[in-house]
Amino acid sequence: MPIDCFPSNMTIMPPPPPPPPPPEPLVFDASILQHQPNLPSQFIWPDHEKPCLEPPELAIPPIDFGSFLTGDPLAVSKLAQQVNEACKKHGFFVIVNHGVDSKLIAKAHDGMNMFFGKQLSEKPVQRKIGEQYGYASSFTGRFSSKLPWKETLSFRYCADNQSSNIVQEYFLNVMGEEFKQFG
């Protein structure tokens, strides 16, 4: 006599479908996003938080380093007060008469434009969690909406003579030969 393994009122259900794959992580890549007809909603800020179409004139305080470079203690003290005031009142300032060659500044701007104009996959120094140096884009892992449109490239600098090449070595060793001159 056959033995029935299932009660007659039992319904056998098919197994549930597998869970959907996790969504691709959101990545800020300005080289791609600037050409997209539609932006991910996480990058769109509410109208009341967007910059106005006609922003007010921004008064950037100039800080004159000319007297600082003389080494005069009174000039250094006055300059420190100006920097302190500018930071408290504005959060930023522009340094004038700093002695840096304008051609070197132009080369630095060219290097920044070259680096930040690359696609994300071509930027060799993605900053890892817990690291202080390298490339970071928009902090998409930290926020879920109202993401900033920003990219940063941070590297260590030390003014002592023992470390005079630390920036150039960073760019060469971490980013590669293409970026040696950038350092």
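Located above this text is the structure these notes cover.
All values derive from a computational prediction rather than experimental measurement.

So, how was this worked out
- Residues numbered from 1 in each chain as written.
- Predicted model: local features only at pLDDT ≥ 70, side-chain atom pairs only at ≥ 80, totals over all residues.
- Heavy atoms only, no water.
- Helix = DSSP H or I, 4+ residues; strand = E, 2+ residues; numbered from the N terminus.
- Buried < 20%, exposed > 50% of the residue type's maximum accessible area, 1.4 Å probe, protein only.
- Contact = heavy atoms within 4.5 Å.
- 1 Å grid on protein atoms, 1.4 Å probe; cavity = no way out; pocket = protein on both sides within 12 Å on 5 of 7 lines; lining within 4 Å.
- Points joined across faces, edges and corners; volume = space filled by probe spheres on them.
- Nonpolar A, V, L, I, M, F, W, Y, C, P; charged D, E, K, R; others polar.
- Expected span 1.5 Å × (residues − 1).
- Polar contact = N/O pair within 3.5 Å; in protein donor to acceptor, adjacent residues only side chain to side chain.
- Core = buried A, V, L, I, M, F, W, Y, C linked by side-chain atoms within 4.5 Å.
- Arc of directions from axis to C-beta.
- Phe/Tyr/Trp six-rings, centres within 6.5 Å; stacked < 30°, edge-to-face > 60°.

Participant: What is the right way to read the overall build of the protein from this model?
Facilitator: Counting its regular elements, the protein contains 4 helices and 4 strands. Counting helices and strands in the order they occur from the N terminus, the protein gives α-β-α-β-α-β-β-α. Counting the 183 residues in the protein, one finds 18% classified as buried. Long-range contacts, defined as pairs at least 24 residues apart, comprise 53% of the intrachain contacts of the protein with a sequence gap of at least 6.

Participant: Help me out: how do you make sense of the layout of surface pockets in this one?
Facilitator: Left-over empty space is what a probe sized like a water molecule reveals as it rolls over the atoms. Of the voids in this model, the largest pocket is the one considered here, and its volume is about 510 Å³. Surrounding the largest pocket, 20 residues form its lining, L104, A108, Q181, F182 and G183 being those nearest its centre. Elements represented by at least two residues in the lining of the largest pocket include exactly α3 (102–116) and α4 (166–175). In terms of residue count, the dominant contributor to the lining of the largest pocket is α3 (6 residues). Among the residues making up the lining of the largest pocket, the classes are represented as 11 nonpolar, 7 polar and 2 charged.

Participant: Help me understand α3, please; the structure alone is not making it clear to me.
Facilitator: One turn of the α-helix equals 3.6 residues, which is why residues spaced by three or four share an orientation. Between its first and last C-alpha, α3 extends 21 Å over 15 residues, near the 21 Å set by a 1.5 Å rise per residue. At the N-terminal boundary of α3, the capping side chain belongs to D101, with an oxygen 2.7 Å from the backbone nitrogen of K103.

Participant: What am I meant to see in the side chain of K118 here?
Facilitator: Inspection of the secondary structure puts K118 in the loop between α3 and β3 (134–137). The buried category is assigned to K118, whose relative accessible area is 15%. Once residues within four sequence positions are removed from consideration, K118 is found in contact with D29, S31, K123, E178 and F179.

Participant: Help me understand the nonpolar core in this model?
Facilitator: In terms of nonpolar packing, the biggest core is built from 11 residues, these being F115, L120, V125, Y135, L153, I166, V167, Y170, F171, M175 and F179. Ranked by residue count, the leading element in this core is α4, at 5 residues.

Participant: Would you mind showing me how to read α4 here?
Facilitator: The complete set of buried residues in α4 reads I166, V167, Y170, F171 and M175. Down the axis, α4 shows its buried residues gathered within 135° of arc, on one side only. Contact partners of the buried residues in α4: α3, β3 and β4 (151–154).

Participant: I would appreciate a short explanation of the packing of aromatic side chains in the present structure.
Facilitator: How two aromatic rings sit relative to each other is given by the distance of their centres and the angle of their planes. Applying the stated criterion across every chain, the model contains 3 aromatic pairs. Between F65 and F68, the ring centres sit 5.1 Å apart and the planes meet at 55°, which makes this aromatic pair tilted. On the basis of relative accessible area, F65 is assigned to the buried category, the value being 18%. Taking relative accessible area as the criterion, F68 reaches 32% and is therefore assigned partly exposed. Centroid distance F115 to Y135: 5.8 Å. Interplanar angle 65°. Geometry classified as edge-to-face. Here F115 is found in helix α3, whereas its partner Y135 is found in strand β3, with 20 residues between them in sequence. Among the residues examined, F115 registers a relative accessible area of 0% and is labelled buried.

Participant: Explanation requested: unusual backbone geometry in the structure shown.
Facilitator: Apart from glycine, the bulk of residues carry a negative phi angle, and the bulk of peptide bonds sit in the trans form. Backbone geometry at N97 places phi at a positive 55°, although glycine is not the residue there. You can see N97 is positioned in the loop between β2 (94–96) and α3.

Participant: Explanation requested: the environment of A108 in the structure shown.
Facilitator: With respect to the helices and strands, A108 occurs in helix α3. What makes A108 partly exposed here is its relative accessible area of 36%.

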